[in-house]
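# Observations on the three-dimensional arrangement
Now for the letters of each chain:
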Amino acid sequence: SSGAPGMAMIGPPRILFRNLVDEATLSASPSLVSTLPVGNLQNGLRTAVARSTSLATQDILGDWGGTETVNACIAWRHNWGPGSTWRLRLYSGANQTGTLVYDSDDIDAEPVTPLGELWWGYEPWGTGLIDDWGWWWSTLWFDAVEARSFKLTVDAPSNPYAYVELSRLITAILARLPGSR
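Everything in this summary refers to the structure shown in the same document. (Residues numbered from 1 in each chain as written. Predicted model: local features only at pLDDT ≥ 70, side-chain atom pairs only at ≥ 80, totals over all residues. Heavy atoms only, no water.)

## Digging into the overall build of the protein
- If you tally the helices and strands in the protein, you get zero helices and ten strands.
- In the protein, the order of α-helices and β-strands from amino to carboxyl end is β-β-β-β-β-β-β-β-β-β.
- The proportion of buried residues among the 181 residues of the protein is 41%.
- Within the protein, counting contacts between residues at least 6 apart in sequence, those at least 24 apart form 81% of the total. (Helix = DSSP H or I, 4+ residues; strand = E, 2+ residues; numbered from the N terminus. Buried < 20%, exposed > 50% of the residue type's maximum accessible area, 1.4 Å probe, protein only. Contact = heavy atoms within 4.5 Å.)

What follows is the structure in structure tokens.
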């Protein structure tokens, strides 16, 4: 799912245990702006961002020191916007090798909620107060897998800023509270 910053708490409660990105060795391809490096994705400060130098498809690569259990990914405070996609791939081996244990395929970074599926009273129908802020968040919830490395691919060819930016990347194991999905 995806949305604007104020929408993150809508839906069933989920608890994320330790952000595995904080423990990963990260790299980016192509290289990022030297003053806005990939390591900023491991920094909780809102002003710390990782930024590309162009609109070329951007890969964020991560390696953990061992096998980790993962069933969630959150791209928090990004500028990907409408028409952009993201894709998460998890691998059983280091350096994006071994068996591909999870592949989200391309997902809209800002999907449109079909008419009739809006959460009445929670999701706005039409323009909202924060629509023009230029920041979004995107989430993936999936069945748990064991992985040693990941590759996050962002394709934002229509981004009006002429670069791809992300403030925080989170991969984690989450616990769903009773009754949540």
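## Remarks on the packing of aromatic side chains
- Inspection of every chain in the model, using the stated rule, returns five aromatic pairs.
- Ring centres of Tyr102 and Phe142 lie 4.0 Å apart, and the angle between their planes is 15°; this geometry places the pair in the stacked category. Of this pair, Tyr102 sits in strand β7 (residues 100-103) while Phe142 sits in strand β9 (residues 136-155); the two residues are 40 residues apart in sequence, bridging distant segments of the chain.
- What makes Phe142 buried here is its relative accessible area of 6%.
- Considering the side-chain rings of Tyr161 and Tyr163, the 5.9 Å spacing of their centres and the 40° angle between planes classify their relative orientation as tilted.
- Judged by its relative accessible area of 39%, Tyr161 falls in the partly exposed class. (Phe/Tyr/Trp six-rings, centres within 6.5 Å; stacked < 30°, edge-to-face > 60°.)

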